[in-house]
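# Chains, contacts and geometry: an overview
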Amino acid sequence: MPTLLHTAIRLHEAFRRPPARDVPHMRPQPGSPRSQRGPAGGRARRTLPAALLTLTLAIAPAACGLGREGHVSDPSVETLRVVSYNIRHGRGMDDVVNLERTADVLRRLQPDVVGLQEVDVGVERSGGEDQPAVLGRLLGMEHAFGAFMDYRGGEYGMAILSRHPIVEVHSVELPRGNEPRVALMVEIETPHGRRVPVINVHFDWVADDGYRYAQASELARTVEGLPSPFLLLGDFNDVPDSRTMELFRGLADEARKPVDDRLTFSSTDPRREIDHIFAGPPGAGRFTHTEVIDEPLASDHRPVVADWEFRP
């Protein structure tokens, strides 16, 4: 039977173009966390169903004041720790590609779900590695990848990591800007058996917001059709008072950053707040903590972390 996420996306697509064709899920390598992939920009949209797989994560000691001990007192409430991080294909401010360093940053945050932007698979500049697979292995998390385009021997796009099983992957093609763009959508299954859609975005970056607003408008129409609580996160490449961000405020609650430490770009000289986390629909849950992490070396963006509580 189709999942709620799959049904909502199909209903939206029915008004835009012929429905997507299904393809078999990609099999993981033995002994590794499961891998799933969405399509590259401009290709047919695909849904990748997968068998459930339960993973355990050995978590490092808490850092940055983000420990998990005693986090939920009500057993009927679930909490997801969510991170959005533009990793610049693992290239730090020292111009060295180092995924071990990227993994160390994420490990300290103890996330349940991570949205990564600017991710390579098989690209020459990053040593030809499958970066979502490498980070998934280093962190003991499942991973999914959505490609924007072919690039220098491989593919360039975005990824989602999850401590909980990923049961569906779907890429939604967005209007083309200076580069092709997709939104990567997965559905995770929480310990209470709740299926939660997670949507990762990376909108166009130029000063003229025409392309960016068109991409956001297309995604907003998809988000409106989601029938269950969802998470929306990523590099929106726009500031809080922009028309792009206003599109989503009526559809979801925003994880409000500390007023005195809300800037996410650049990591060495933060001047703009362009990385954001939402949860919807409004009132489906609440954010109990949001923080921008001071990490000036691993990427040119600062990671954003938020704790979201909701009832199954």
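You'll find the structure just up there.
The paragraphs below set out a description of the structure included in this document. (Residues numbered from 1 in each chain as written. Predicted model: local features only at pLDDT ≥ 70, side-chain atom pairs only at ≥ 80, totals over all residues. Heavy atoms only, no water.)

### Topic: the overall build of the chain
The condition that has to hold: Each helix is a run of H or I in the DSSP string that is no shorter than four residues. Each strand is a run of E no shorter than two, and both are numbered from the N terminus. Exposure classes here rest on a 1.4 Å probe applied to the protein chains alone. A residue is buried below 20% of its type maximum, exposed above 50%, and partly exposed in between. Should any heavy atoms of two residues lie within 4.5 Å, those residues are counted as being in contact. A 1.4 Å probe and the Shrake-Rupley method give the accessible areas. Residues count as covered only by the protein chains that appear here.
For the chain, the helix and strand inventory stands at five helices and 13 strands. Relative to its 312 residues, the chain shows a buried fraction of 58%. A separation threshold of at least 6 residues defines the contact pool for the chain, and within that pool the share at least 24 residues apart is 71%. Roughly 12700 Å² of accessible area belongs to the chain as shown, and the carbon and sulfur atoms make up 51% of that amount.

### Side note on the packing of aromatic side chains
For clarity, the cut-off: Aromatic pairing here means that ring centres of Phe, Tyr or Trp (its six-membered ring) are within 6.5 Å. Orientation follows from the plane angle: under 30 degrees is stacked, over 60 is edge-to-face, and everything else is tilted. We call a charge positioned above a ring when the Lys NZ or Arg CZ atom is no farther than 6 Å from the ring centre and deviates by at most 35 degrees from the ring normal.
Here the structure, examined in full by the defined rule, presents eight aromatic pairs. With 6.1 Å between their ring centres and 45° between their planes, Y151 and Y156 make a pair best called tilted. Here the aromatic residues F203, F236, F248 and F278 are joined through ring pairs into a cluster of three or more. In this structure, R243 is placed above the aromatic ring of Y213, and the distance from its NZ or CZ to the ring centre is 4.0 Å.

### With respect to the packing of helix α2 (residues 99-109) against helix α3 (residues 131-139)
Short version of the rule: Axis geometry follows a simple rule: fit a line to the C-alpha atoms, using only the stretch in contact for helices, then measure angles between N-to-C directions, giving values from 0 to 180 degrees. Should an angle fall under 35 degrees it is called roughly parallel, over 145 degrees roughly antiparallel, and 65 to 115 degrees roughly perpendicular, with every other angle called oblique. With the far helix as reference, a near helix turned anticlockwise by less than a right angle produces a left-handed crossing, and one turned clockwise produces a right-handed crossing. As a working rule, the residues Ala, Val, Leu, Ile, Met, Phe, Trp, Tyr, Cys and Pro are called nonpolar, Asp, Glu, Lys and Arg charged, and the rest polar, with Gly in that last group.
Packing of α2 against α3 brings their axes to within 10 Å, and their N-to-C directions diverge by 50°. For the element pair α2 / α3, the angle class is oblique. Remark: the crossing between α2 and α3 carries right-handed chirality. Between α2, through L99, E100, T102, A103, L106 and R107, and α3, the contact on the second element is made entirely by Q131, V134, L135, L138 and L139. Looking at the contact of α2 with α3 residue by residue, the classes come out as seven nonpolar, two polar and two charged.

### Overview of unusual backbone geometry
Residue S266 is bonded to the preceding F265 through a cis peptide linkage, with omega at -5°. A cis amide bond links G280 with the next residue in sequence, P281, at an omega value of -10°. In this model, Q110 sits at a positive phi of 50°, which is unusual for a non-glycine residue. Even without being glycine, E118 reaches a positive phi, approximately 60°. Position of E118 among the secondary structure elements: in strand β3 (residues 113-121). What makes E118 buried here is its relative accessible area of 18%.

### Details of the sheet that holds strand β10 (residues 253-254)
Our working definition: Note: two strands are recorded as paired if DSSP finds a minimum of 2 bridges between them.
Read across the sheet, six strands follow the order β6-β7-β8-β9-β11-β10 without closing on themselves; strand pairing throughout is mixed. Looking at strand neighbours, the two that pair on one side only are β6 (166-174) and β10, the edges of this open sheet. Where strand β7 (residues 181-189) meets strand β8 (residues 195-202), six bridges bridge the pair, whose relative direction is antiparallel. Residue pairing across strands places I188 opposite V196, the latter belonging to β8. Strands in contact with helix α4 (residues 210-224) are β6, β7, β8 and β9 (230-235); relative to β6, the strand with the most contacts, it is inclined by about 140°.

### A word on α3
For α3, the buried fraction is high: seven of the nine residues fall into the buried class. In this structure, the buried residues of α3 make contact with α2, β3, β4 (142-151) and β5 (154-162). At the exit of α3 stands G140, carrying a positive phi of roughly 65°.

### Here's the deal with the pattern of salt bridges
Operational definition: Any carboxyl oxygen of Asp or Glu within 4 Å of a side-chain nitrogen of Lys or Arg constitutes a salt bridge here.
Applying the stated rule across the entire model yields 21 salt bridges. The salt bridge partner of E218 is R221, with a shortest N-O separation of 2.9 Å. Note that E218 and R221 are positioned in helix α4 at a spacing of three residues, about one turn of the helix. Since its relative accessible area comes to 5%, E218 is described here as buried. With a shortest N-O distance of 3.1 Å, D261 and R302 are connected by a salt bridge. A residue pair is termed long-range when its members are at least 10 positions apart, and D261 in the loop between β10 and β11 (275-280) and R302 in the loop between β12 (285-292) and β13 (304-310) qualify at 41 residues. On the accessibility criterion, D261 (29% relative accessible area) is partly exposed. Beyond isolated ion pairs, a larger network of salt bridges with shared partners links E246, R249, E254 and R256.

### Observations regarding the side chain of S266
Defined as follows: Counted as a polar contact is a pair of N or O atoms within 3.5 Å, where, for protein atoms, one must be capable of donating a hydrogen and the other of accepting one, and residues adjacent in sequence contribute only when both atoms are in side chains.
Tracing the sequence through the fold places S266 in the loop between β10 and β11. A distance of 3.1 Å separates a polar atom in the side chain of S266 from the backbone nitrogen of D269. In contact with S266, other than residues within four places in its own chain, are R271, D300 and R302.

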